[in-house]
Structure formats: C-alpha cells, structure tokens
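Secondary and tertiary structure notes
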Amino acid sequence: MEYTQLGRTGLKVSRLVLGTMNFGPQTDEPTSHAIMDAALDAGLNFMDTANVYGQTAGKGRTEEIIGSWFARGDGRRDKTVLATKMYGNMGADGAAWPNHDKLSAVNIRRAVDASLKRLGTEYIDVYQFHHVDRATPFDEIWQAIDVLIQQGKILYAGSSNFPGYKIAQANEAAARRGMVGLVSEQCHYNLYERRAEMEVVPAAQEYGLGVIPWSPLAGGLLGGVLGKEAQGGRRAGGRTADALTDPAVRARVQAYEDLLDKHGLAPGETALAWLLSRPGVTGPIIGPRTPEQLTGALRALELELSDEVLAGLDEIFPGPGPAPEAFAW
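Keep in mind the model is a prediction, meaning the values are calculated, not measured. Each chain has its residues counted from 1, following the order in which its sequence is written. Predicted model: local features are reported for residues with pLDDT of at least 70 only, side-chain atom pairs are reported and counted for 80 or more only, and whole-chain, interface and lining totals are derived from all residues. Only hydrogens and water are removed before side-chain values are computed, so all heavy atoms of the structure are retained for them.

1. Observations concerning the sheet that holds strand β7 (residues 154-160)
The strands making up a sheet associate through hydrogen bonds between their backbones, and the pairing can be parallel or antiparallel. Think of it this way: DSSP has to see at least two bridges between two strands before they count as a pair. In this description a helix means any DSSP run of H or I spanning at least four residues, a strand means any run of E spanning at least two, and both kinds are numbered starting from the N terminus. Across the sheet, which stays open at both edges, the eight strands sit in the order β9-β8-β7-β6-β5-β4-β3-β10 with parallel pairing between neighbours. Across the chains shown, the open sheet's two edge strands, defined by having one partner strand only, are β9 (210-214) and β10 (285-286). For strand β4 (residues 46-48) and strand β5 (residues 81-86), the ladder comprises three bridges, and the chain directions are parallel. Note that in β5 the partner of Asp48 across the bridge is Ala83.

Structure, rendered in structure tokens:
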C-alpha cells in the first residue's frame, strides 16, 4: 500500500479511501465489517463516511456500523484515519427543525456529538463540511471548529463540494485566526467529469489541501458498463442508464472501453489509476458493496498507465484546461 501526506499536514493516509455510503442500505453489517477488515489488512487506513449516510436503513446507520466495527477492538480504531461529514438535515422525515442542519455553531456542536456517539469513538480525525453554507460566516464556523479541536473531539477540518473561491475564503478566514484551516477537499472528479481541474483542484493545491475525488467511476459509466451489457451481465440503471440514452455519451463510453480493450486494461481499475496519476490528488474514494469489489479496486494501485493510454483518455475525455485561459486568453 502506498501512503501520502494529507495535503500540507503530517497525517499519512493510503492512496485509496474506503467510502462507506453503501454500508447499511446495500451492504449488511457483517459484510460491511468484512470489507473494512479486508481494507485494513491490505493497508488501506483512510475511511470516509457522513452523518446522513444510511438512507433507506435510516440516517446515521452507516456511522453505527462503523462504530460496531471499532467496538470489536484489535486496534481497529487506532489504525484508522476516520473522516466523516456534517451539513444535512438529520431529521427522519426530512423536515429540519430550525438550527438542525448546515454549518451554524450550534449545529456543528450538535452534529459532532451525535457522530461521536454513533461511531463509538472519542475523536474524529478529519471533520468535513458536506456542502457550503452561504448564510453562516466562516468566522463563526472556525470559532466552533477551534472549540472542538481544543476539546479533542476533532483533529482536522475538511470540505466537500466547495468551489475554488470558497476554499480560498475559508482558509483566508482561518489564517486570520491563526488556525490551520481546511486540509482536504472532497470533490466530484473523474475522467468523465473534469470541471474540478479548472479552479477547485488549483485552489486546493495553492492552499495545501489534499484532493479526495468522489464518484471516481462516474456512477458506473467508467466501470465497463457497455461490455457487461454485451456479455449479458448486469445492465446499467438509474442515472447511468439515463446518461447512456444520449448517443454522444454512449459513443464516448464505447470509445473508452475500446481503447482499454486494445491495451488489455480493466475499465474500473483504469479510471482509478488515472485519478491516482493526477496532480494534487490524495486518493479517490472507492465504495465497494462486496469484498470482491474491494479487491478489484486495490489492483489500481499497481497499475501504471502508459503515455499512449493517457493521451488516448485525454482525447476521449478532454479536460477544461487551466483557469483563466480556459475561458479567456
């Protein structure tokens, strides 16, 4: 397993991040525990979750499953770099009582205490804002985070789904208070969706944030979906199926699979390996539903893409180019 520093911190994390969103809704507790054990055995020490994960199994259920895994002992918590997120409404009926969502100081305090209880731990390594809160000033947010750090409840703060200018605002506000500020940004980034390269990734690099891409397979589009269909395997569903109804999208995905077939490469592993080769990327989030899917994702760590393959991928899925040249001169 390869390790790297998380942004400008001294924290060492694995180059793949174990995403847990499927734990509870799609993967039962024993299988979830087996996946986490297998990940830890492989040296994957970085685990990501969120307080709202659990969906049909109930919000918070995913954190509870992780907590029951930690409770099994054998150094599981000590070996894990744990990241969770807060922002969303935790109400079961979806109707938020005032001050029970977003990034106010009162909700940050409430949310972290609830997550700690579900996770069965005394601290969270990386506490992340799941979205921007346009109504709450960063001075208030950082004051609340500073209290949590002083209390030993969290060690670092990170963001998710922040635009570049919000990363800048957040860290400038933190610097004025003499704080470390954001150390990571989770963003929607993959071969198919490369807009993060224009300003989010450069802002993260400028301010020393590790980039943690989510949806590295573009919801399944980059996982060999057309080849599986042709072989009579599982057909795409949901947004992936909807996207493939567009002839232009289907043609690009077919060109992608044809290129990789020519070079004897597996689509899912290649999509992960491409992200691992990108500047500023700490590691993509993988979300295995089974131990077998985890094994496949781990193979991406050993894959080095040739210049010819990288050039072919850029031709099929061109990036936006750097800012401001991408939209100016």
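2. Re empty space enclosed by the protein
Here a cavity means grid points, on a 1 Å grid over the protein atoms only, where a 1.4 Å probe fits yet cannot get out; a pocket means an open set of points with protein on both sides within 12 Å along at least five of seven lines; lining residues are those with an atom within 4 Å of a point. Grid points are joined across faces, edges and corners, and a volume is the space filled by probe spheres set on the points. Evaluation of the coordinates by the stated rule reveals one cavity of 30 Å³ or more. Here the largest cavity is characterised by a volume of approximately 30 Å³. As for the largest cavity, its lining consists of Met36, Ala39, Leu40, Leu44, Asn45, Phe46, Met47, Trp69 and Thr80. The set of elements that each furnish at least two residues to the lining of the largest cavity consists of α1 (29-41) and β4. The element contributing the most residues to the lining of the largest cavity is α1, with three residues. A breakdown of the residues in the lining of the largest cavity according to their chemical character gives seven nonpolar, two polar and no charged. When residue character is reported, Ala, Val, Leu, Ile, Met, Phe, Trp, Tyr, Cys and Pro are called nonpolar, Asp, Glu, Lys and Arg charged, and the others, Gly included, polar.

3. With respect to the pairing of strand β6 (residues 124-129)
The element β6 is extensively covered by neighbouring structure, given that six of its six residues are classed as buried. The pairing of β5 with β6 spans four bridges and is parallel. Within β6, the residue paired with Thr84 across the bridge is Tyr127. Relative to β7, β6 runs parallel, the two sharing five bridges. Paired with Gln128 across the two strands is Gly158, which belongs to β7. Taking the sense of rotation as the criterion, the β-α-β connection linking β6, helix α5 (residues 138-151) and β7 turns out right-handed. A simple rule labels every residue: compare its accessible area, found with a 1.4 Å probe on the protein chains alone, to the largest value its type can have, and call it buried under 20%, exposed over 50%, or partly exposed in between. Here a crossover is taken to be right-handed if, once the strands point away from the viewer, the path from the first strand over the helix to the second is traced clockwise.

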